[in-house]
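# Summary of the model geometry
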Amino acid sequence: MSTISEILSVARALLEKPHRWTKDAYAADKNGNPIDARSEQAQCFCIMGAVQRQCDLTTEDGRATYFQALKAIAAHLPPKSTISGFNDNASHDAVLRLLDTAVSA
(Lines give C-alpha, C1' and ligand atoms only; values in the text may rest on other atoms or scores of the structure.)
Protein backbone atom coordinates (compact mmCIF):
# COMPACT_ATOMS: atom_id res chain seq x y z
CA MET A 1 0.00 0.00 0.00
CA SER A 2 1.22 3.47 -0.85
CA THR A 3 1.84 6.13 1.75
CA ILE A 4 -0.29 9.27 1.83
CA SER A 5 2.70 11.27 0.59
CA GLU A 6 3.15 8.88 -2.36
CA ILE A 7 -0.55 9.09 -3.25
CA LEU A 8 -0.44 12.88 -3.15
CA SER A 9 2.75 12.94 -5.23
CA VAL A 10 1.19 10.75 -7.92
CA ALA A 11 -1.98 12.86 -7.89
CA ARG A 12 0.12 16.01 -8.26
CA ALA A 13 2.06 14.48 -11.16
CA LEU A 14 -1.22 13.52 -12.82
CA LEU A 15 -2.41 17.15 -12.66
CA GLU A 16 0.91 18.74 -13.60
CA LYS A 17 -0.10 19.55 -17.17
CA PRO A 18 -3.07 21.96 -17.37
CA HIS A 19 -4.93 19.79 -19.89
CA ARG A 20 -4.99 16.95 -17.30
CA TRP A 21 -6.86 19.11 -14.76
CA THR A 22 -10.61 19.72 -14.71
CA LYS A 23 -13.21 21.58 -12.69
CA ASP A 24 -16.78 20.65 -11.71
CA ALA A 25 -16.20 16.87 -12.00
CA TYR A 26 -13.93 14.28 -10.43
CA ALA A 27 -12.80 13.28 -13.92
CA ALA A 28 -13.70 13.82 -17.55
CA ASP A 29 -13.18 11.87 -20.77
CA LYS A 30 -11.56 13.22 -23.94
CA ASN A 31 -14.82 14.99 -24.84
CA GLY A 32 -15.12 16.69 -21.45
CA ASN A 33 -17.92 14.43 -20.22
CA PRO A 34 -17.85 13.52 -16.51
CA ILE A 35 -16.59 9.99 -15.94
CA ASP A 36 -15.44 7.80 -13.06
CA ALA A 37 -11.91 8.80 -12.01
CA ARG A 38 -10.77 5.17 -12.15
CA SER A 39 -12.00 4.65 -15.71
CA GLU A 40 -9.40 4.04 -18.39
CA GLN A 41 -11.21 6.68 -20.48
CA ALA A 42 -10.60 9.38 -17.85
CA GLN A 43 -8.32 12.03 -19.32
CA CYS A 44 -8.43 14.87 -16.81
CA PHE A 45 -9.11 15.12 -13.08
CA CYS A 46 -9.91 17.46 -10.24
CA ILE A 47 -7.86 17.18 -7.03
CA MET A 48 -10.24 14.65 -5.50
CA GLY A 49 -10.44 12.61 -8.70
CA ALA A 50 -6.65 12.49 -8.99
CA VAL A 51 -6.45 11.16 -5.43
CA GLN A 52 -9.36 8.79 -5.98
CA ARG A 53 -7.58 7.30 -8.99
CA GLN A 54 -4.81 6.13 -6.65
CA CYS A 55 -7.11 4.44 -4.11
CA ASP A 56 -9.21 1.28 -4.29
CA LEU A 57 -12.54 2.57 -3.03
CA THR A 58 -14.00 -0.95 -3.12
CA THR A 59 -12.07 -1.85 0.03
CA GLU A 60 -12.26 -0.46 3.54
CA ASP A 61 -8.50 0.18 3.56
CA GLY A 62 -8.69 1.96 0.21
CA ARG A 63 -11.51 4.21 1.39
CA ALA A 64 -9.63 4.97 4.62
CA THR A 65 -6.52 5.87 2.66
CA TYR A 66 -8.55 8.09 0.33
CA PHE A 67 -10.04 10.02 3.24
CA GLN A 68 -6.63 10.32 4.95
CA ALA A 69 -5.20 11.78 1.74
CA LEU A 70 -8.07 14.26 1.49
CA LYS A 71 -7.58 15.22 5.13
CA ALA A 72 -3.88 15.87 4.41
CA ILE A 73 -4.87 18.22 1.57
CA ALA A 74 -7.65 19.91 3.52
CA ALA A 75 -5.20 20.82 6.29
CA HIS A 76 -3.62 23.33 3.88
CA LEU A 77 -6.73 24.95 2.45
CA PRO A 78 -7.63 28.56 3.13
CA PRO A 79 -10.14 28.98 5.99
CA LYS A 80 -13.70 27.89 5.19
CA SER A 81 -12.61 26.29 1.89
CA THR A 82 -13.43 22.82 0.68
CA ILE A 83 -11.24 20.77 -1.62
CA SER A 84 -13.81 20.77 -4.41
CA GLY A 85 -14.55 24.47 -3.96
CA PHE A 86 -10.86 25.31 -4.04
CA ASN A 87 -10.29 23.16 -7.13
CA ASP A 88 -13.21 24.71 -8.98
CA ASN A 89 -12.34 28.33 -8.14
CA ALA A 90 -8.54 28.40 -8.01
CA SER A 91 -5.99 28.53 -10.80
CA HIS A 92 -4.12 25.48 -11.99
CA ASP A 93 -0.95 26.85 -10.40
CA ALA A 94 -2.73 27.28 -7.05
CA VAL A 95 -3.94 23.67 -7.19
CA LEU A 96 -0.39 22.45 -7.80
CA ARG A 97 0.95 24.62 -4.96
CA LEU A 98 -1.68 23.17 -2.60
CA LEU A 99 -0.64 19.63 -3.52
CA ASP A 100 3.06 20.52 -3.20
CA THR A 101 2.39 21.85 0.29
CA ALA A 102 0.43 18.74 1.29
CA VAL A 103 3.15 16.42 -0.06
CA SER A 104 5.91 18.22 1.80
CA ALA A 105 4.04 18.44 5.12
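The following paragraphs examine the structure supplied in this document. (Residues numbered from 1 in each chain as written. Predicted model: local features only at pLDDT ≥ 70, side-chain atom pairs only at ≥ 80, totals over all residues. Heavy atoms only, no water.)

In a soluble, globular protein the nonpolar side chains are often hidden away together inside. Ranked by internal contacts, the top residues of the largest apolar core, which has 30 residues, are Leu15, Phe45, Ile47, Val51, Ile73, Phe86 and Val95. For this core, the elements supplying multiple residues, two or more each, are α1 (4–15), α2 (47–52), α3 (60–74), α4 (83–89) and α5 (92–104). The element that contributes the greatest number of residues to this core is α5, accounting for six residues. In contact with Leu15, other than residues within four places in its own chain, are Arg20, Trp21, Phe45, Cys46, Ile47, Ala50, His92, Val95, Leu96 and Leu99. (Core = buried A, V, L, I, M, F, W, Y, C linked by side-chain atoms within 4.5 Å. Buried < 20%, exposed > 50% of the residue type's maximum accessible area, 1.4 Å probe, protein only. Helix = DSSP H or I, 4+ residues; strand = E, 2+ residues; numbered from the N terminus. Contact = heavy atoms within 4.5 Å.)

Between side chains of opposite charge, a pair can form as their charged atoms come close. Applying the stated rule across the entire model yields two salt bridges. One salt bridge connects Arg12 with Glu16, and the closest N-O pair in it is separated by 3.8 Å. Residue Glu16 is classed as partly exposed on the basis of its relative accessible area, which comes to 44%. Measuring nitrogen to oxygen at the nearest pair gives 2.6 Å for the salt bridge that ties Asp100 to Arg12. Separated by 88 residues along the polypeptide, Asp100 in helix α5 and Arg12 in helix α1 bring together distant segments of the chain. Taking relative accessible area as the criterion, Asp100 reaches 34% and is therefore assigned partly exposed. Within this structure, Arg12, Glu16 and Asp100 form a network of salt bridges that share partners. (Salt bridge = Lys/Arg side-chain N within 4 Å of Asp/Glu carboxyl O.)

In this model, α3 (15 residues) spans 21 Å end to end at C-alpha, consistent with the 21 Å of a helix rising 1.5 Å per residue. Among the residues of α3, Gly62, Thr65, Tyr66, Ala69, Leu70 and Ile73 are the ones counted as buried. When α3 is viewed along its axis, its buried side chains cluster within an angular range of 135 degrees and face the same direction. Among the exposed residues of α3, those pointing more than 90 degrees away from its buried face are Glu60, Asp61, Phe67 and Lys71. Its buried side turned inward, α3 meets α1, α2, α4 and α5. (Expected span 1.5 Å × (residues − 1). Arc of directions from axis to C-beta.)

Among the secondary structure elements, Asp29 is positioned in the loop between β1 (27–28) and β2 (44–45). Buried and unpaired, Asp29 has Lys30 as its nearest opposite-charge partner, separated by 8.3 Å. From its side chain, Asp29 meets the backbone nitrogen of Asn31 in a polar contact 2.9 Å long. When near neighbours in sequence (up to four residues on either side) are disregarded, Asp29 contacts Ile35, Gln41 and Gln43. (Lys, Arg positive; Asp, Glu negative; His and termini not counted. Polar contact = N/O pair within 3.5 Å; in protein donor to acceptor, adjacent residues only side chain to side chain.)

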